[in-house]
Amino acid sequence: MQYDRLGFPIPRDFEPVAPRGRRGTTPLESDPRDRFADAEPSAVPDRGRVAGPLKRFVLLAALGLIVVPALVVPFVGPLACEAVVQWSLERAAVREARGEVASAAAEVGRAIDWLDAADVQGRGRLHCWRANLLLESRQTAAAIVEAGRAAALVPTSALPRRTRALAHVVAGDAEAALADAQAAVDLSGAENPEALNHRAYIRALVGRDLEAALADIERALEGSGGDSPEFLDTRGFILHLLGRHREAIDDLNRAIGRTQQSRRQAAGLAGRADPDDVAYRLRSLDHALAVMHHHRGLACRAIGLERQAAQDFDVAKRKGYDPDRGVL
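As the structure is a computational prediction, the values presented were derived from the model and not from experiment. (Residues numbered from 1 in each chain as written. Predicted model: local features only at pLDDT ≥ 70, side-chain atom pairs only at ≥ 80, totals over all residues. Heavy atoms only, no water.)

1. Observations concerning the side chain of histidine 294
Then, in step 1: With respect to the element layout, histidine 294 can be found in helix 11 (residues 275-302).
Then, in step 2: Histidine 294 gets classed as buried once you look at its relative accessible area, which sits at 17%.
Then, in step 3: For histidine 294, the residues in contact, after removing those within four places along its chain, are Phe313, Ala316 and Tyr321. (Helix = DSSP H or I, 4+ residues; strand = E, 2+ residues; numbered from the N terminus. Buried < 20%, exposed > 50% of the residue type's maximum accessible area, 1.4 Å probe, protein only. Contact = heavy atoms within 4.5 Å.)

2. Some points on the pattern of salt bridges
Then, in step 1: Counted under the stated rule, the structure contains 24 salt bridges.
Then, in step 2: Linking arginine 263 and aspartate 286 is a salt bridge whose minimum nitrogen-to-oxygen distance equals 2.6 Å. Pair noted here: arginine 263 is in helix 10 (residues 245-267) and aspartate 286 is in helix 11, with a separation of 23 residues, a long-range link.
Then, in step 3: We classify arginine 263 as partly exposed; its relative accessible area is 26%.
Then, in step 4: A residue is classified by how much of its surface remains accessible, and aspartate 286, at 15% relative accessible area, is buried.
Then, in step 5: Measuring nitrogen to oxygen at the nearest pair gives 3.0 Å for the salt bridge that ties lysine 319 to aspartate 286. In this pair, lysine 319 sits in the segment after helix 12 (306-318) while aspartate 286 sits in helix 11, placing the two residues 33 residues apart along the sequence.
Then, in step 6: Bridged by salt links that share partners, the residues Glu191, Arg199, Arg203, Asp216 and Arg219 form one connected network. (Salt bridge = Lys/Arg side-chain N within 4 Å of Asp/Glu carboxyl O.)

3. With respect to unusual backbone geometry
Then, in step 1: Although it is not a glycine, arginine 138 adopts a positive phi angle of roughly 70°.
Then, in step 2: Residues other than glycine seldom take positive phi values, yet aspartate 209 does so here, at roughly 50°.
Then, in step 3: Inspection of the secondary structure assignment puts aspartate 209 in the loop between helix 7 (193-206) and helix 8 (210-224).

4. Description of the layout of surface pockets
Then, in step 1: Counted as a void, the largest pocket has a volume near 1,400 Å³.
Then, in step 2: Along the wall of the largest pocket there are 37 residues; nearest its centre are Asn132, Leu166, Glu230, Ser284 and Gly326.
Then, in step 3: It is helix 11 that provides the largest number of residues to the lining of the largest pocket, a total of 9 residues.
Then, in step 4: In terms of residue class, the lining of the largest pocket is made up of 15 nonpolar, 11 polar and 11 charged. (1 Å grid on protein atoms, 1.4 Å probe; cavity = no way out; pocket = protein on both sides within 12 Å on 5 of 7 lines; lining within 4 Å. Points joined across faces, edges and corners; volume = space filled by probe spheres on them. Nonpolar A, V, L, I, M, F, W, Y, C, P; charged D, E, K, R; others polar.)

5. Quick notes on the packing of aromatic side chains
Then, in step 1: In the structure shown here, the tally under the stated rule is 1 aromatic pair.
Then, in step 2: Judged by centre distance (6.0 Å) and plane angle (55°), the ring pair of tyrosine 201 and phenylalanine 237 falls under tilted. With tyrosine 201 in helix 7 and phenylalanine 237 in helix 9 (residues 229-241), this residue pair connects regions lying 36 residues apart in the sequence. The pair tyrosine 201 / phenylalanine 237 is uniform in exposure class, with both members buried. (Phe/Tyr/Trp six-rings, centres within 6.5 Å; stacked < 30°, edge-to-face > 60°.)

6. Describing the nonpolar core
Then, in step 1: Among the nonpolar cores identified, the biggest contains 26 residues, and Ile217 and Ile238 are the most heavily contacted of them.
Then, in step 2: Sorting the residues of this core by element identifies helix 7, helix 8, helix 9, helix 10 and helix 11 as the ones contributing at least two each.
Then, in step 3: Looking at this core, the element that brings in the most residues is helix 11, giving 6 residues.
Then, in step 4: Every residue in contact with isoleucine 217, bar those within four places of it in the chain, is listed here: Asn197, Ala200, Phe231, Thr234, Arg235 and Ile238.
Then, in step 5: Counting residues in hydrophobic clusters, the runner-up holds 17 residues, among them Ala105, Leu115, Leu126 and Ala167. (Core = buried A, V, L, I, M, F, W, Y, C linked by side-chain atoms within 4.5 Å.)

Structure (structure tokens):
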């Protein structure tokens, strides 16, 4: 005799009701928790089989989020920073070439922010570039601060001192300008032509120690071969201030002639070189010519050549001569 789960006898001709599956119940089911007790193995969910792949996926994803950045960022990060720096500097050069100096200063500022902090030499040069741009945009105090940052970063470099000296001239602080010019010579070496020319020119701009300034530029010309248009302009300006106007005009004629030749060569690259590169070069040469023409105008006016002086002053103005912007 067979008995059911409740202990009652089961007739021989009784056919039990087949289970109706997971959504129903069997007639004799006493506990819902037992609904899968008699089910076929294939009907019972294999939790290990379902959870295993999911867990592996989650673990792999988590590892990817942790490990991949740790492996990739050290390589990709510096490349991305370098790309931002290069892009910013290219934009700065383009804007400066177009005369948009305030925007150019902002672009150089971005480059400084993204440049590797360990590259102090590079950061120092960029601070000097930005100082010059700020000076040209009539932000003289900001230019002095920016050049000071460069001097703090690279205290053994003369460039920040030379940059700040010119800003001090524009600000009307002759003593600070002379101190920075002297520091630049000390850092560069007593016979460095660039440093000597710079100190001579700062002395001329503030009207101090003109005989010493002439000695500086004579040594600079000797050390550089004697044909630098920039150095000839400095000597011509100093000779004018010393009252030697005709000698000054001779030097300034040579300086202007050689700079004009360089400008013609740069202009000849139009259509064969990058237009922005050509514009950048032409703008720099035009500023040099503006200063040279102004100096020659002063010397010509001093000896009564009023027509020539007027022409020189006009050319200087058209090419950007402006002491308030550091073009002086």
